[in-house]
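# Report on the structure
Listed here are the chains, written in short residue letters.
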Amino acid sequence: MSNHKKVYLEITNRCNLSCAFCPGTSRAPRSLSESEFDRLALKLRSWAEYLYFHLMGEPLAHPLLPQFVTRARELGFKPVITTNGTLLDRRGEELISAMPYKVSISLHSFEANDTGVPMDGYILSCLDFARKAADEGVITVLRLWNLEGRAEGAQNSLNDPILRLIGQRFPSPWQQTRSGFKLAERVFLEWGDKFDWPSLSAPVLSDSGFCYGLRDQIGVLCDGTVVPCCLDGEGIIALGNLFEQSLEDILRSHRAKALYDGFSAHQCTEELCRRCMRAGYYRNNVE
């Protein structure tokens with residue numbers, strides 16, 4: 001198995017929220033069945049170590065998520081869940097019982113929605129989940145990807161009450177890490193800037209760039225469409241369909257090879273990549 005490679009397998013494109021930072025999808029609502037998940041996971045097992053259960057959509061909105069996590073572990077994957085956290089109060093226990101490798105909770109989801117739920121209750125529910133998960137050996141990452149820039153101290157004002165609640169459940173001192181803090185054993189807080197998703201309607205940023213798409217990650221939409229990375233939520237760079245083809249044939253296709261070779265030369269061969277902040281970031285930070 002290839003070490004450190006990631007597959008983003010979208011088990012559903014449905015979500016219970018509508019976050020301002022997420023473009024959503026215009027694709028028809030769809031969720032994987034148990035047999036479909038098994039077919040796709042079996043085809044992916046030789047390529048990746050980590051199986052992420054999203055690309056678009058909220059994984060906890062899928063009723064079969066615990067079964068999928070268990071099956072992924074049986075196939076040798078390290079299952080990773082990214083969630084907005086709003087369903088953890090109802091489904092957290094069964095998720096922990098399935099023993100994912102890691103659960104990332106996007107706490108910044110709260111500020112982008114009028115959920116009707118008090119912020120304190122939402123945050124404390126996520127923190128209680130993190131504590132229980134850690135006790136069972138599951139890593140939890142609390143994400144605040146809402147900073148207004150990389151300047152020292154730049155952050156969203158809503159983070160202050162969130163940090164106070166975190167401090168109540170996980171008292172300092174916290175151990176600083178590269179991307180945030182370790183709050184306790186297997187519990188982390190991760191900072192990040194606000195991010196604009198690439199879109200064909202966005203302006204071109206550059207013809208040059210670099211990306212790890214097809215190198216250390218691929219994405220598979222819930223209809224089987226293979227895309228090069230986790231940011232192509234509309235399937236714009238459709239490389240093939242995993243229900244109909246082998247992954248090897250898809251990655252050997254002309255379009256996939258052109259994209260891979262283009263990034264090797266720090267060139268964007270796809271219009272979506274020319275409009276992606278991530279390609280520009282890697283261009284400036286990867287030798």
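Because the structure is predicted, anything quoted here is derived from the model rather than measured.

## Observations regarding the overall build of the protein chain
- If you tally the helices and strands in the protein chain, you get nine helices and 11 strands.
- The buried share among the 287 residues of the protein chain stands at 51%.
- Of the contacts made within the protein chain by residues no fewer than 6 positions apart, 69% connect residues no fewer than 24 positions apart.
- When the accessible area of the protein chain is evaluated, it comes to approximately 13400 Å², of which 49% is carbon and sulfur surface.

## Let's talk about the packing of helix α1 (residues 34-44) against helix α2 (residues 65-74)
- In contact at an axis separation of 11 Å, α1 and α2 are set at 25 degrees when each is read in the N-to-C sense. The angle between α1 and α2 falls in the class roughly parallel. With respect to the hand of their crossing, α1 and α2 are arranged in right-handed fashion. Along the contact surface, α1 presents E34, F37, D38 and L42, while α2 presents F68, R71 and A72.
- When the residues that make up the contact of α1 with α2 are grouped by side-chain class, the tally is four nonpolar, no polar and three charged.

## What to know about the environment of L60
- Examined against the element boundaries, L60 turns out to sit in the loop between β2 (50-52) and α2.
- It is 9.0 Å that separates the C-alpha atoms of L60 and T82, two residues lying 22 residues apart in sequence.
- Non-local contacts of L60, meaning those with residues more than four positions away in its chain, are made with L65, T83, L87, L88, R91 and L95.

## Regarding the packing of aromatic side chains
- Scanning the entire structure with this criterion turns up seven aromatic pairs.
- Geometrically, the ring pair formed by F210 and Y212 is edge-to-face, given 5.2 Å between the ring centres and 90 degrees between the ring planes.
- Judged by relative accessible area, Y212 falls into the partly exposed class, the value being 28%.
- By the ring-pair criterion, three or more aromatic residues cluster together here, those being F37, F53 and F68.
- Geometry around Y101 places K78 over its ring, the cationic atom sitting 5.2 Å from the centre.
- The ring of Y260 has R215 sitting right over it, with the charged end atom 4.0 Å from the ring centre.

## Some remarks on the pairing of strand β8 (residues 187-193)
- Pairing between strand β5 (residues 139-147) and β8: six bridges, direction parallel. The partner of T140 across the bridge, within β8, is V187.
- Note that strand β7 (residues 180-184) and β8 share four bridges and pair antiparallel. Directly across from K182, in β8, lies its bridge partner F188.

## A closer look at the nonpolar core
- By size, the foremost hydrophobic cluster in this structure holds 67 residues, and its most contacted members are F37, F53 and L107.
- Of all the elements, helix α4 (residues 119-135) adds the most residues to this core, at nine residues.
- Contact partners of F53, with chain neighbours within four places excluded, come to L9, I11, F37, P59, L65, F68, V69, A72, P79, V80 and I81.
- With 11 residues, the next largest nonpolar core counts Y50, Y52, L221 and C230 among its residues.

## Looking at helix α3 (residues 88-98)
- L88, R91, G92, L95, I96 and A98 are the residues of α3 that are buried. Angularly, the buried residues of α3 cover 150 degrees about the axis, an arc narrow enough to put them on a single face. Turned more than 90 degrees from where α3 packs its buried face, R90 and S97 sit exposed.
- Along its buried surface, α3 packs onto α2, β3 (78-83), β4 (102-106) and α4.
- M99 lies just past α3 and shows a positive phi near 60 degrees.

## A short note on the confidence of the model for the protein chain
- On average, the protein chain scores 89 in pLDDT, and the residues at 70 or more come to 88%.
- Between residues 149-155, whose pLDDT stays under 50, and residues either more than four places distant or in other chains, the model counts 11 contacts.

## As for the packing of α4 against helix α5 (residues 159-169)
- Packing of α4 against α5 brings their axes to within 10 Å, and their N-to-C directions diverge by 40 degrees. Between α4 and α5, the angle falls in the class oblique. For the crossing formed where α4 meets α5, the hand is right-handed. Across the interface between the two elements, M119, D120, I123, L124, L127, D128 and R131 of α4 pack against P161, I162, L165, I166 and R169 of α5.
- The residue makeup of the contact of α4 with α5, split by class, is eight nonpolar, no polar and four charged.

About the thresholds
- Residues numbered from 1 in each chain as written.
- Predicted model: local features only at pLDDT ≥ 70, side-chain atom pairs only at ≥ 80, totals over all residues.
- Heavy atoms only, no water.
- Helix = DSSP H or I, 4+ residues; strand = E, 2+ residues; numbered from the N terminus.
- Buried < 20%, exposed > 50% of the residue type's maximum accessible area, 1.4 Å probe, protein only.
- Contact = heavy atoms within 4.5 Å.
- Areas by Shrake-Rupley, 256 points an atom, 1.4 Å probe, with all protein chains shown as cover.
- Axes fitted to C-alpha atoms, helices over the stretch in contact; angles between N-to-C directions.
- Parallel < 35°, antiparallel > 145°, perpendicular 65-115°, else oblique.
- Left-handed = near helix turned anticlockwise from the far one by under 90°.
- Nonpolar A, V, L, I, M, F, W, Y, C, P; charged D, E, K, R; others polar.
- Phe/Tyr/Trp six-rings, centres within 6.5 Å; stacked < 30°, edge-to-face > 60°.
- Lys NZ or Arg CZ within 6 Å of the ring centre and 35° of its normal.
- Pairing = 2+ DSSP bridges.
- Core = buried A, V, L, I, M, F, W, Y, C linked by side-chain atoms within 4.5 Å.
- Arc of directions from axis to C-beta.
- pLDDT = per-residue confidence, 0-100.

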